[in-house]
Protein chains: 2
Amino acid sequence: MRLAGLALGLTPLLPPAPVALAPSGQEAAVEAARAWRETHGVEILEEFAGLLAVPSVAADRAGLARCAALLAEAFTRRGATMELVEREGAAPLVIGRIDAPGATRTLGLYVHYDGQPVSPEDWTDPPFEPTLRDAPVEQGGARLSLSALAPESPGARRAWPAEWRLYARGAGDDKAPLIALLAALDALAAADLAPTSSFVFAFEGEEEAGSTHLRELFEAAKPALACDLWLVCDGPVHQSRRPQLVFGVRGVTSLELTTYGAARPLHSGHYGNWAPNPALELARLLASMKDARGRVLVEGYYDTVQPLGAAERAALAALPEFEQALRAELGLAQSEGEGASLAERIALPSLNIRGLRSADVGAAARNIIPASATAALDLRLVRGNDPARMQERVVAHVRAQGWKVIETEPDLATRRAHPRLLRVQRGQGYRAVRTPLDHPLVPALSSAALAAAGEAPLLVPSLGGSLPLYLFEDVLGTPMVIVPIANHDDNQHAADENLRLANLAYGIDLFAALLRL
Amino acid sequence: MRLAGLALGLTPLLPPAPVALAPSGQEAAVEAARAWRETHGVEILEEFAGLLAVPSVAADRAGLARCAALLAEAFTRRGATMELVEREGAAPLVIGRIDAPGATRTLGLYVHYDGQPVSPEDWTDPPFEPTLRDAPVEQGGARLSLSALAPESPGARRAWPAEWRLYARGAGDDKAPLIALLAALDALAAADLAPTSSFVFAFEGEEEAGSTHLRELFEAAKPALACDLWLVCDGPVHQSRRPQLVFGVRGVTSLELTTYGAARPLHSGHYGNWAPNPALELARLLASMKDARGRVLVEGYYDTVQPLGAAERAALAALPEFEQALRAELGLAQSEGEGASLAERIALPSLNIRGLRSADVGAAARNIIPASATAALDLRLVRGNDPARMQERVVAHVRAQGWKVIETEPDLATRRAHPRLLRVQRGQGYRAVRTPLDHPLVPALSSAALAAAGEAPLLVPSLGGSLPLYLFEDVLGTPMVIVPIANHDDNQHAADENLRLANLAYGIDLFAALLRL
């Protein structure tokens, strides 16, 4: 992503999502943000480092509580009204609000302040001792003092080197939006620019632990969280470093299917081609579920899919082609779906074999007829699919192939009674969510991203992955859009997590523009 | 198995294998054997115990050598000409001969004197301290002194209690035929009955270690091992305790097939239903190999099967029905092959999935598209099937389904070039062997078993399992018949291995009859 300057004329407009050119209010906000961070870079990094030094990971309840308190205090200092929503066994949900007098809209900002667990021995720098480097550590980036970002003289401006990176757990996922928002508030205050929308905040402390209490916390805080649209500030921008706005995620659920042969593994010589082989039976069943072109053959599997609208189809068509390079990187001669793009395929529910096991292969293999065979399946869901009903469609398909479906390990009598016996174990799951691309706020969001990045954002109807974002709709009754700022190569969830300074700059500039939407 | 007395009129004749009633020569031999063992039971058990006390297992080279020497000496004492065939790294092959003046035939007797490895902590009695018990140890059988088998007064006869058992490694598998043969030689000598056939012996010391040197040892000893038919004295009689003669074993080989997806496991959300799933592709391939009735669909898979002759088909028809009970025991509602019997199915080559693996199932399952999937197959072969050619038929089937077959792990360039890439790894193997049931010596063997057991033996065309018995044909140029004597419940290969006295008695009586064939 390019950092500075408007790129008028250079930025392709993405039809038909009407991306207006950044209006002057947002230009002014972005210029204020840039002026602030180019004169106060060291202070921003120091506050960020303070936030990153708090070990807010699931294993450290005290660290999570300290981080929540620190955030409440930092936002209170900027004039927000903050509160901690606490529930037994849950990390606090930090909520807050900034009211703009006369504002006609309220935007919600969701960020999570917890990070993935760490294995410190895998890190170059200690994960909770934030470290600035002048390039990626794996490219030999050298350590710098945070004060390396200071201007040459007091009051002078110092452009931010795009490729410097700050290393720490949570730098990219997901404390970056928190510090960017704090800096943007400072920048606008310094330029005497008040927010033009009201804002509510929800900062979660359990995202990396599965958002176990989010429904309960949202329900408790619901009146305080009323708004027009939630901006979910998480995840990375596009691999091309272009900014993006993402309008949905897939839902997910899982199934495990186990077929049975004899009650014990049998000698494959004494019983081979007399005793039925559960691995072969399972293979035949799995093969019946999807054709060679990648179409799921389970009856009704696509019936409840809510099709993409015209805006979504146009956005897909406008996405840059990168699949040839991706196939080459992954060593794939072709992809499923007869040439359909990845984004098109993601708009459909998937039926994936995530694991397969029957007895052993390799050196551990023995000449037996296995006693059972198991396939673990995951189902990625799109808007319109109900997780339990999608599971049932697969189970109905199994039954239609002549299987007796059971829920527990069969006893001898059950085995004797049914030639084809299959145990199904249903996993948990949740539905997909997808905000329509013609939502009235999309043009404004796009122009904010354009003002901050100098190029229009990619509009992505849905990620392929799954997050429990349906809670925004289900509990709060509000649509959401994902607004990522981190670099895609931030080592999210791994060792040496980092944030590129260019992406921190984009975040500050973007939040300044959003505050003046 | 009933022990004593002829069962004329009670024994069903098995058409069309012409089982003659035991001629008087064999009756006299069996009566001599019975008289001998009922007067010399203690001496027989003591000599057996001496043989079993030698730890002739693969880990004990000295024990193997001692056992070989002991056998050579014991048979030399009975008038046989014995020799040890030794090769670097091999346990000795003990060979020998007994020439019957004027005999028109020579029979070979194969036995192995090595036993399976032991885990002494699992045994009730120490595996190399032979222990007599008056019932199976798991039924509370009490320890007896070997002298418990002594007659009440010197010269009186003492019938053998059928259910007493001698516990030691090798008691059933496979030292029983050695002591039975020694006792039979003593019995005939005491009754002044000379053998009516010449005999050659081959006692192997590496059967439980895979008969690694048997080809080499047979080649070295070939001139001394010339005979008309080998009797392979190993394995148990039928589960019903009826005696049996077995005319063949299946061959065996194996294949491992690995399919490939992307070069690394992929997030099933980000890439699910775009990146091909190698587990599904493998399932589809496996499903194409066999139909729902159990027929292998690989082209030409049955082409080289040497069909059963009339005698074999009649023998199969005469086998007792036990499959209903077997299915009930195994928890099977039905078996493959549309009602064909186990013995009929064993007469065909099998294609068995012995293992299946792709990523993980159960608690370890993750939401990924696996990078590869592997199926381990074993192929059980029947007479006429060449192991390498049968492997190639399967590989040709894979190719015919559109797969590029490779022999090593693919590099990125290979992956990019071929949408369906399958690695094949070929296992070792050997062919089946099956002696025709109309071999001219079958009636005589059957009548010997009848004379010894009081009921006609089951005639089994082939075991389902595999042993490298093709070496008798390939190296020595001689057919073979398996002549088992041990009880099926002898804990072969496990702890508390034992031989039932009824089975030892059958062995002694049978060898006496065979010596007077």
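Each value, and the rule that gives it
Residues numbered from 1 in each chain as written. Chains lettered and ligands numbered in written order. Predicted model: local features only at pLDDT ≥ 70, side-chain atom pairs only at ≥ 80, totals over all residues. Helix = DSSP H or I, 4+ residues; strand = E, 2+ residues; numbered from the N terminus. Axes fitted to C-alpha atoms, helices over the stretch in contact; angles between N-to-C directions. Parallel < 35°, antiparallel > 145°, perpendicular 65-115°, else oblique. Left-handed = near helix turned anticlockwise from the far one by under 90°. Contact = placed C-beta atoms within 7 Å. Pairing = 2+ DSSP bridges. Nonpolar A, V, L, I, M, F, W, Y, C, P; charged D, E, K, R; others polar. pLDDT = per-residue confidence, 0-100. Least-squares fit on C-alpha atoms with pLDDT ≥ 70 in both. Domains from an automatic or database assignment. Expected span 1.5 Å × (residues − 1). Buried ≥ 20, exposed ≤ 12 C-beta atoms within 10 Å, placed from the backbone. Core = buried A, V, L, I, M, F, W, Y, C linked by C-beta atoms within 7 Å.

*Asks:* Explanation requested: the overall build of chain A in the structure shown.
*Replies:* Helix and strand content of chain A: 15 helices and 21 strands. Based on the C-alpha atoms only, the size of chain A along its principal axes is roughly 90 × 50 × 45 Å.

*Asks:* Which parts of the structure should I look at to understand the packing of helix H13 (residues 442-453) of chain B against helix H15 (residues 501-515) of chain B?
*Replies:* Pairs of packed helices are described in terms of their axes, by the angle between the two and the distance that separates them. Residues and elements named next belong to chain B. Where H13 meets H15, the axes come as close as 8 Å, and the angle between the chain directions of the two elements is 140 degrees. The orientation of H13 with respect to H15, classified from their angle, is oblique. Seen along the crossing, H13 lies across H15 with a hand that is right-handed. Taken together, the residues of H15 that come into contact with H13 (itself represented by Ala 448, Ala 449, Ala 451, Ala 452 and Ala 453) are Tyr 506, Asp 509, Leu 510, Ala 513 and Leu 514.

*Asks:* Please explain the sheet that holds strand E5 (residues 143-144) of chain B as it appears in this structure.
*Replies:* Note on sheets: strands pair through backbone hydrogen bonds, and any given pair is parallel or antiparallel. Residues and elements named next belong to chain B. Across the sheet, 4 strands lie side by side as E5-E4-E6-E21; this open sheet has antiparallel pairing. Both outer strands of the open sheet, E5 and strand E21 (498-500), are each paired with one neighbouring strand and no more. The sheet contact formed by strand E4 (residues 131-133) and E5 spans 2 bridges and is antiparallel. Counterpart to Leu 132 in the pairing with E5 is Leu 144.

*Asks:* Which parts of the structure should I look at to understand the interface of chain A and chain B?
*Replies:* How big an interface is tends to be stated in terms of accessible area lost as the parts join. Each partner contributes to the interface: chain A provides 67 residues, whereas chain B provides 67 residues. When residues in the side of chain A that touches chain B are grouped by element, the largest group, 9 residues, is from strand E13 (residues 350-359) of chain A. Across the side of chain A that touches chain B, the residue classes break down as 31 nonpolar, 22 polar and 14 charged. Across 5 bridges, E13(A) lies against strand E13 (residues 350-359) of chain B in antiparallel orientation. Its bridge partner lying in E13(B), A:Gly355 is registered against B:Ala359.

*Asks:* When you look at the packing of helix H4 (residues 176-190) of chain B against H15(B) in this model, what are you seeing that I'm missing?
*Replies:* Residues and elements named next belong to chain B. H15 packs onto H4 with a crossing angle of 55 degrees between their chain directions and a minimal axis gap of 8 Å. Relative to H15, the element H4 lies oblique. Remark: the crossing between H4 and H15 carries right-handed chirality. In this structure, H4 contributes Ala 176, Pro 177, Ala 180, Leu 181, Ala 183, Ala 184, Ala 187 and Leu 188 to the contact, and H15 contributes Asn 503, Leu 504, Gly 507, Ile 508, Phe 511, Ala 512 and Leu 515. Among the residues forming the contact of H4 with H15, the class breakdown is 13 nonpolar, 2 polar and no charged.

*Asks:* Help me out: how do you make sense of the confidence of the model for chain A in this one?
*Replies:* Do not read the predicted coordinates in detail wherever pLDDT is low. Residue and element names in this part refer to chain A. In the predicted model, chain A carries a mean pLDDT of 93, and 95% of its residues have values of at least 70. Counted against residues more than four places away or in other chains, residues 1-20, with its pLDDT under 50, gives 51 contacts. Scored as a whole, the predicted complex attains pTM 0.86, and scored at its interfaces, ipTM 0.86.

*Asks:* Which parts of the structure should I look at to understand the relation of the copies chain A and chain B?
*Replies:* For these two chain copies, the linking operation is a rotation about an axis paired with a shift along it. With an RMSD of 0.3 Å, the operation that places chain A on chain B is a rotation of 180 degrees combined with a shift of 0.3 Å along the axis. Viewed as a symmetry operation, the transformation between the two copies matches a two-fold axis. Looking at chain A, 100% of its interface residues are interface residues in chain B too, so the copies touch through the same face.

*Asks:* Help me understand the domain arrangement of chain A, please; the structure alone is not making it clear to me.
*Replies:* All names here are of chain A. In terms of domains, chain A is made up of domain 1 (24-81 + 91-247 + 435-461 + 481-515) and domain 2 (251-319 + 345-430). Taking the mean C-alpha position of each, domain 1 and domain 2 sit 41 Å from one another. Of the residues contributing to the side of domain 1 that touches domain 2, the split by class is 5 nonpolar, no polar and 1 charged.

*Asks:* Please explain H13(B) as it appears in this structure.
*Replies:* Structurally, the α-helix is built with 3.6 residues per turn, so residues lying three or four positions apart point the same way. Residues and elements named next belong to chain B. The first and last C-alpha atoms of H13 sit 16 Å apart over 12 residues, in line with the 16 Å expected at 1.5 Å per residue. Those residues of H13 that fall on the buried side of the exposure criterion are Val 442, Ala 444, Leu 445, Ser 446, Ser 447, Ala 448, Ala 449, Leu 450, Ala 451, Ala 452 and Ala 453. Gly 454 sits one or two residues past H13 and shows a positive phi near 80 degrees.

*Asks:* What am I meant to see in the nonpolar core here?
*Replies:* When a protein is soluble and globular, its nonpolar side chains tend to lie buried together. Formed by 325 residues in total, the largest nonpolar core has its most connected members in A:Ala184, A:Ala512, B:Ala184 and B:Ala512. The contacts of A:Ala184, once residues within four sequence positions are left out, are A:Ala33, A:Ile508, A:Phe511, A:Ala512 and A:Leu515.

*Asks:* Please clarify how the pairing of strand E15 (residues 372-381) of chain A should be interpreted in this entry.
*Replies:* Remark: a regular strand shows side chains that alternate across the two faces of the sheet. All names here are of chain A. The element E15 is extensively covered by neighbouring structure, given that 10 of its 10 residues are classed as buried. Every second residue of E15 is oriented toward a common face, with Ser 372, Thr 374, Ala 376, Asp 378 and Arg 380 on one face and Ala 373, Ala 375, Leu 377, Leu 379 and Leu 381 on the other, all of them buried. Of the strand pairs in this sheet, strand E11 (residues 251-260) and E15 are connected by 10 bridges, and their pairing is antiparallel. Considered in E15, the bridge of Gly 251 is made with Leu 381.

*Asks:* Just to check I follow, could you spell out helix H3 (residues 61-77) of chain A for this structure?
*Replies:* Residue and element names in this part refer to chain A. Taking 1.5 Å of rise per residue, the 17 residues of H3 would be expected to cover 24 Å, and the 25 Å separating its terminal C-alpha atoms lies within 8% of that figure. Those residues of H3 that fall on the buried side of the exposure criterion are Gly 63, Leu 64, Cys 67, Ala 68, Leu 71, Ala 72 and Phe 75. Those residues of H3 that are buried are in contact with strand E1 (81-85), strand E2 (93-98), helix H4 (176-190) and strand E7 (198-204). Where H3 terminates, the next one or two residues include Gly 79, which has phi positive at roughly 95 degrees.

*Asks:* What is the right way to read the sheet that holds strand E16 (residues 404-406) of chain A from this model?
*Replies:* Strand order in the open sheet formed by 10 strands is E16(A)-E17(A)-E11(A)-E15(A)-E13(A)-E13(B)-E15(B)-E11(B)-E17(B)-E16(B), and the pairing between neighbours is mixed. Each edge of the open sheet is held by one strand with a lone partner, namely E16 of chain A together with strand E16 (404-406) of chain B. Strand-to-strand twist in this sheet, taken as the mean axis angle between neighbours without regard to direction, amounts to 30 degrees. Where E16(B) and strand E17 (residues 421-430) of chain B come together, 3 bridges link them in parallel fashion.

*Asks:* I'm lost on unusual backbone geometry in this one. Help?
*Replies:* Excluding glycine, most residues fall at negative phi; most peptide bonds, likewise, are trans. All names here are of chain A. The omega torsion across Asp 173 and Asp 174 is 20 degrees, close enough to zero to call that bond cis. Note that Asp 174 resides in the loop between strand E6 (165-167) and H4. One non-glycine residue with positive phi stands out, namely Asn 491, at about 55 degrees. Judged by the 20 C-beta atoms lying within 10 Å of it, Asn 491 falls in the buried class.

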